[in-house]
Amino acid sequence: MIKDLDQIDWKSMDAEIVPDVLRSYIQGKKLETPTIKAYEALIFLDHSQHDLIHNDFYKEFPDRKVITILIPFLIQLARSPEINTAEKANILWDLEFIVGWVDSVDEKHYTEHYKYALELREMVWEGHDIYFELLSSENDREKIPIINLLSRYREYAEIVLPHLLQRLQVETDEWQVRIICAIFDLFLRSGRARESAKLIIQDQLLSFLSKDYQHAVRVASFLTLIDIWKSETPSTVIDVMLEYCMKQSRGWMRLPNYTIFPGESLLKLGSQKGIEVAIKIMEQSLNTGTKFNAVYASLLLAFDPNFAPDGFCIYYPSISSPPSTHYTLSTPSFSYSANADVQNLTAVQKRVLKVLTEQDWLWQYGTSFERKFGLPDKREAMRELI
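The shown structure was predicted, so the numbers you read here are calculated from the model rather than taken from an experiment.

## Focus on the overall build of the protein chain
Moving on, step 1. Scanning the protein chain from terminus to terminus reveals 20 helices and four strands.
Moving on, step 2. Overall, the C-alpha framework of the protein chain stretches about 80 × 45 × 40 Å when taken along its three principal axes.
Moving on, step 3. Within the protein chain, contacts between residues at least 6 apart in sequence are counted, and of these 68% link residues at least 24 apart.
Moving on, step 4. Carbon and sulfur atoms make up 48% of the accessible area of the protein chain, which amounts to about 18500 Å² in all.
Moving on, step 5. The averaged location of the 54 negative side-chain charges in the protein chain is 5 Å from the averaged location of its 42 positive side-chain charges.

Written out as structure tokens, the structure is:
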């Protein structure tokens, strides 16, 4: 198929650079920087922003039919044993990026863009047999993009998850964590994928909660199980989460390419379970940052239970002069406020506020209670509400 490169009118698609790039993959030839940038621009990959160039994407994307011609060549190169590891990794990252386009399109407002992104996604899926084969590659540079690529195919959960499960059962701790994180971050974005995960991988994840496993494996597993079960999460999983939330150090909150906010998991547990777990953390944790995760999660569960968990973020005090003492809730919208109706508080809301007023440690720090919830930032003023 590569021999057919010169039979395609690349110039008419402003893509003259493609044959040179694809041949460089075969020959292991180093490309000049302008050539690399031209190719990256072709598939909207901007390394300075680590994201799509959105203006170009929304303006020109449906007309970039060159990508439909490029994909089969990329798949063919991924299949070739003659391509060296470094070049194959680049090819796989190209394919992974294209598969992820659908997650960057607003389907409601950009119907044609979304339709085209799905079309390209299906074209990339045609090479799934080689992707499954490369999952067992001994080269790390190949495995990382393959794990991410396959974890984006939520619509093929019943096919993809058994292969990921097989790797989970034989990989090292490091790669078990990477696979679980990819499932957690990319795969579990649809109800169908979560249901498949319950059937296919939940037992393996439950086994990883054992203290026989490395900390990162246990943490990644309980995070994923909470995302799968949400308000139905069993106490065995919650207990492992509490084990880590009680620690003095926040070192356990860092996984590959992912920073953990325990408040996000508390929100996924729902009001009934999440508030109770949050109160335990407030009262017993040895880490102030973890306790503030519980504080803000409990307020959101009480005053805005529909708040999207993935929007949860906390700004911890910065090392400055003088030192900052503020723990601030960050939300997707800067102007967000739950606007508590302080004249008509429910029993649940009063209970949360009462617990907050009982925490001596809490009132030593600055908060965003008033700005984000319409609640007093002062202890005595909050006591007056209950």
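## Topic: the packing of helix H17 (residues 288-303) against helix H18 (residues 347-357)
Moving on, step 1. Between H17 and H18, the least distance of the axes is 9 Å, while the angle of their chain directions is 160°. With respect to H18, the element H17 is oriented roughly antiparallel. Of the two possible hands of crossing, H17 and H18 adopt the one that is left-handed. Contacts between H17 and H18 involve Val295, Ser298, Leu299, Ala302 and Phe303 on the former and, on the latter, Val348, Gln349, Val352, Leu353 and Leu356.
Moving on, step 2. For the contact of H17 with H18, the residue count by class is eight nonpolar, two polar and no charged.

## As for unusual backbone geometry
Moving on, step 1. A positive phi is found at Asp14, a non-glycine position, where the angle reads about 55°.
Moving on, step 2. Structurally, Asp14 is set in the segment before helix H1 (18-27).
Moving on, step 3. Among the residues examined, Asp14 registers a relative accessible area of 65% and is labelled exposed.
Moving on, step 4. The backbone of Lys230 shows a phi angle near 55°, a positive value even though the residue is not glycine.

## Details of the packing of aromatic side chains
Moving on, step 1. Summed over all chains, the structure comprises 21 aromatic pairs.
Moving on, step 2. For the ring pair Phe97 and Trp101, a centre distance of 6.1 Å and an interplane angle of 75° mean the geometry is edge-to-face. This pair shows no difference in class: Phe97 is buried, exactly as Trp101 is.
Moving on, step 3. Aromatic side chains Phe222 and Tyr244 sit 6.2 Å apart centroid to centroid with 35° between the ring planes, which places their arrangement in the tilted category. Of the two residues, Phe222 sits in helix H13 (residues 215-229) while Tyr244 sits in helix H14 (residues 235-245), which places them 22 residues apart along the sequence.

## A word on the confidence of the model for the protein chain
Close inspection of predicted coordinates is inappropriate for parts of the model with low pLDDT.
Moving on, step 1. Here the protein chain averages 89 in pLDDT, and 92% of its residues register 70 or above.
Moving on, step 2. In the predicted structure, residues 45-55 sits below a pLDDT of 50 and forms 13 contacts with residues beyond four places in sequence or in another chain.

## Some remarks on the environment of Thr357
Moving on, step 1. Relative to the assigned elements, Thr357 resides in helix H18.
Moving on, step 2. The spatial distance from the C-alpha of Thr357 to the C-alpha of Arg379 is 6.0 Å, given a sequence separation of 22 residues.
Moving on, step 3. Beyond its immediate chain neighbours, meaning those up to four positions away, Thr357 contacts Trp363, Arg379, Met382, Arg383 and Ile386.

## Here we look at the side chain of Thr68
Moving on, step 1. Within the secondary structure, Thr68 sits in helix H4 (residues 66-79).
Moving on, step 2. Residue class for Thr68 comes out buried when judged on its relative accessible area of 19%.
Moving on, step 3. Among all residues touching Thr68, those that are not within four sequence positions of it are Tyr116, Glu119, Leu120 and Met123.

## Some words on the packing of helix H8 (residues 140-151) against helix H10 (residues 173-187)
Moving on, step 1. In the contact formed by H8 and H10, the axes pass within 8 Å of each other and the chain directions differ by 30°. Taken together, the axis directions place H8 and H10 in an arrangement best described as roughly parallel. Viewed along their axes, H8 and H10 form a crossing whose handedness is right-handed. In this structure, H8 contributes Asp140, Lys143, Ile144, Ile147, Asn148, Leu150 and Ser151 to the contact, and H10 contributes Trp175, Arg178, Ile179, Ala182, Ile183, Leu186 and Phe187.
Moving on, step 2. Looking at the contact of H8 with H10 residue by residue, the class counts come to nine nonpolar, two polar and three charged.

## Observations concerning the environment of Trp101
Moving on, step 1. Assignment of secondary structure puts Trp101 in the loop between helix H5 (85-99) and helix H6 (111-125).
Moving on, step 2. According to the relative accessible area criterion, Trp101 is buried, its value standing at 1%.
Moving on, step 3. With 123 residues separating them along the chain, Trp101 and Thr224 place their C-alpha atoms 24 Å apart.

## Topic: the layout of surface pockets
Moving on, step 1. Quantified by volume, the second largest pocket comes out at close to 380 Å³.
Moving on, step 2. Asp227, Glu264, Lys268, Pro309 and Asp310 are the residues nearest the centre of the second largest pocket, which is lined by 16 residues in total.
Moving on, step 3. Looking at the lining of the second largest pocket, the elements that each hand over two or more residues are H10, strand S2 (258-259) and helix H15 (262-268).
Moving on, step 4. Here the residues of the lining of the second largest pocket are counted per class, giving seven nonpolar, one polar and eight charged.

## Considering the state of the cysteines
Moving on, step 1. Under the defined criterion, the tally for this structure stands at zero disulfides.
Moving on, step 2. For Cys181, which is in no disulfide, the shortest distance to another cysteine sulfur is to Cys245 and amounts to 16 Å.
Moving on, step 3. For Cys245, a relative accessible area of 0% gives the class buried.

## Re H4
Moving on, step 1. For H4, which comprises 14 residues, the first-to-last C-alpha distance of 21 Å matches the rise-based estimate of 20 Å (1.5 Å per residue) to within 8%.
Moving on, step 2. The buried fraction of H4 amounts to ten of the 14 residues, a majority that puts the element mostly inside the structure.
Moving on, step 3. Among the residues of H4, those classed as buried are Val66, Ile67, Thr68, Leu70, Ile71, Phe73, Leu74, Ile75, Leu77 and Ala78.
Moving on, step 4. Lining the buried residues of H4 we find H1, helix H2 (33-42), H5, H6 and helix H7 (128-134).

The rules behind the values
Starting from 1, residues in each chain are numbered consecutively following that chain's sequence as written. Totals for whole chains, interfaces and linings use all residues, but because this is a predicted model, local features are given only for residues with pLDDT of at least 70 and pairs of side-chain atoms are given and counted only at 80 or more. Here the side-chain values reflect all heavy atoms present in the structure, with hydrogen atoms and water set aside. By definition, any uninterrupted DSSP run of H or I lasting at least four residues is a helix, any uninterrupted run of E lasting at least two residues is a strand, and each is numbered from the N terminus. Residue contacts are defined here by distance: any two heavy atoms, one from each residue, within 4.5 Å place the two residues in contact. To be clear on the numbers: accessible area is Shrake-Rupley with a 1.4 Å probe, and residue cover counts the displayed protein chains and nothing else. In summary, the charge assignment counts Lys and Arg as positive and Asp and Glu as negative, without counting His or the chain termini. In plain terms, the charge of a residue is placed at NZ if it is Lys, CZ if Arg, CG if Asp and CD if Glu. Lines are fitted to the C-alpha atoms to define the axes, a helix being fitted only along its stretch in contact, and any angle between axes, read from their N-to-C directions, falls within 0 to 180 degrees. Here the angle decides the label: under 35 degrees means roughly parallel, over 145 means roughly antiparallel, 65 to 115 means roughly perpendicular, and every other value means oblique. A crossing counts as left-handed when the near helix is turned anticlockwise from the far one by less than a right angle, and as right-handed when that turn is clockwise. Each residue gets one label: Ala, Val, Leu, Ile, Met, Phe, Trp, Tyr, Cys and Pro are nonpolar, Asp, Glu, Lys and Arg are charged, and the others, such as Gly, are polar. Exposed residues in this analysis have more than 50% of their type's maximum accessible area, buried residues have under 20%, and partly exposed residues fall in between, with area computed by a 1.4 Å probe over protein chains only. Whether two aromatic rings pair depends on their centres lying within 6.5 Å, for rings of Phe, Tyr and Trp, where Trp uses its six-membered ring; planes under 30 degrees apart make the pair stacked, over 60 edge-to-face, and the rest tilted. For every residue, the predictor states its confidence as a pLDDT score lying anywhere from 0 to 100. Cavities and pockets were defined on a 1 Å grid built from protein atoms only: a cavity is a group of points that admits a 1.4 Å probe but offers it no way out, a pocket is an open group of points flanked by protein on both sides within 12 Å along at least five of seven lines, and a lining residue is one with an atom within 4 Å of any such point. Grid points are joined across faces, edges and corners, and a volume is the space filled by probe spheres set on the points. Two cysteine sulfur atoms make up a disulfide if the distance between them is within 2.5 Å. In this scheme, a helix's expected span is set at 1.5 Å multiplied by one less than its residue total.

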